[in-house]
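Take a look at the letters that make up each chain.
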Amino acid sequence: SAPGLGAAAGLLLDAAPGGHGLSLQLEGRWQQAGFRHGYFGPDLELRRFSGVGLSEAPLSDERLPAGGSVFLSAQWQLPRTAGGEAPLSLVLCAEGFTHGRWDADGALSWLPGGGAHALSLRGGVTGLGLPGVARPWVLAEGRARVAPAVYVVASGGTVFFPETDAAAGGSTRLRPGVQASIGAGFDLAR
């Protein structure tokens, strides 16, 4: 098997115009065989079963064609409040590969009421541009503090369950579904 080789070069800009947080990152990347830039991410557990799509090879067996990619990340947030929180923030990331694949994800977070509440929306897609293997996902979550050390939380979104596909010789595939949950949490500070 070929050695996993990779290289990256890029630019990073951090600025605070008018108190707003702004960060831009642009990277040119090259990879060969088993080397993966950005190996870790929000869907790492899913990629253990299928690197892209629902029934493709797991990340440990997936081999990207030798080639390059362009990675772009943009982060923006409103000026911090007196409590130190950023009341609204947005993060967008995308990577386009020379073999036609795109991966992207983003997150929008809002802290209304001085941080006593939190709303977030996350989403992404893996393998966009490859026929029949794109795997989109979305997750929404809301938290509300109802007492000094008590909060309630509700969330919902897509979920993927690993299952054995007997028709495909016992290989593992991901079965898509949706999930919703509600609960309570406690935090104690000294």
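Use the structure listed above.
**What to know about the packing of aromatic side chains**
Where two aromatic rings form a pair, the distance of their centres and the angle of their planes describe that pair.
Working step 1: Summed over all chains, the structure comprises zero aromatic pairs.
Working step 2: Here R135 stacks its cationic end above the ring of F160, 5.9 Å away from the centre of that ring.

**Describing the sheet that holds strand β8 (residues 150-165)**
Each strand in a sheet pairs with its neighbour through backbone hydrogen bonds, running either in the same direction (parallel) or in the opposite one (antiparallel).
Working step 1: Taken in spatial order, the nine strands line up as β1-β2-β3-β4-β5-β6-β7-β8-β9 in an open sheet, and their pairing is antiparallel. In this open sheet, the two edge strands, each paired with only one partner strand, are β1 (5-15) and β9 (171-186). Here the average twist between neighbouring strands, direction ignored, is 10°.
Working step 2: Pairing analysis gives eight bridges linking strand β7 (residues 135-147) to β8, with the strands arranged antiparallel.

**Here's the deal with the environment of F97**
Working step 1: Of note, F97 is situated in strand β4 (residues 88-97).
Working step 2: Ignoring sequence-local partners within four residues, the contact set of F97 consists of Q31, L64, G68, S69 and D103.

**Describing a nonpolar patch on the surface**
Working step 1: On the surface, a nonpolar cluster with roughly 470 Å² of combined accessible area is contributed by W76, L90, L92, L108, L121 and V138.
Working step 2: Looking at where L90 falls in the secondary structure, it is placed in strand β4.
Working step 3: With a relative accessible area of 31%, L90 lands in the partly exposed category.

**Some words on the pairing of strand β6 (residues 117-128)**
Working step 1: Relative to β6, strand β5 (residues 102-110) is paired through eight bridges, and the arrangement is antiparallel. Counterpart to L108 in the pairing with β6 is L121.
Working step 2: The pairing of β6 with β7 spans ten bridges and is antiparallel. Among the inter-strand pairings, A118 is bridged to a residue of β7, identified as R143.
Working step 3: Between the end of β6 and the start of β7, which pair antiparallel, lie six residues, with G129 showing a positive phi angle near 100°.

**So, the side chain of S73**
Working step 1: Note that S73 resides in strand β3 (residues 64-77).
Working step 2: A relative accessible area of 5% means that S73 is categorised as buried.
Working step 3: Apart from the residues within four sequence positions on either side, S73 is in contact with S23, L24, Q25, L92 and C93.

Basis of the calculations
- Residues numbered from 1 in each chain as written.
- Predicted model: local features only at pLDDT ≥ 70, side-chain atom pairs only at ≥ 80, totals over all residues.
- Heavy atoms only, no water.
- Phe/Tyr/Trp six-rings, centres within 6.5 Å; stacked < 30°, edge-to-face > 60°.
- Lys NZ or Arg CZ within 6 Å of the ring centre and 35° of its normal.
- Pairing = 2+ DSSP bridges.
- Helix = DSSP H or I, 4+ residues; strand = E, 2+ residues; numbered from the N terminus.
- Axes fitted to C-alpha atoms, helices over the stretch in contact; angles between N-to-C directions.
- Contact = heavy atoms within 4.5 Å.
- Patch = residues over 30% accessible without salt bridge, like charges linked within 9 Å, V, L, I, M, F, W, Y side chains within 5 Å.
- Areas by Shrake-Rupley, 256 points an atom, 1.4 Å probe, with all protein chains shown as cover.
- Salt bridge = Lys/Arg side-chain N within 4 Å of Asp/Glu carboxyl O.
- Buried < 20%, exposed > 50% of the residue type's maximum accessible area, 1.4 Å probe, protein only.

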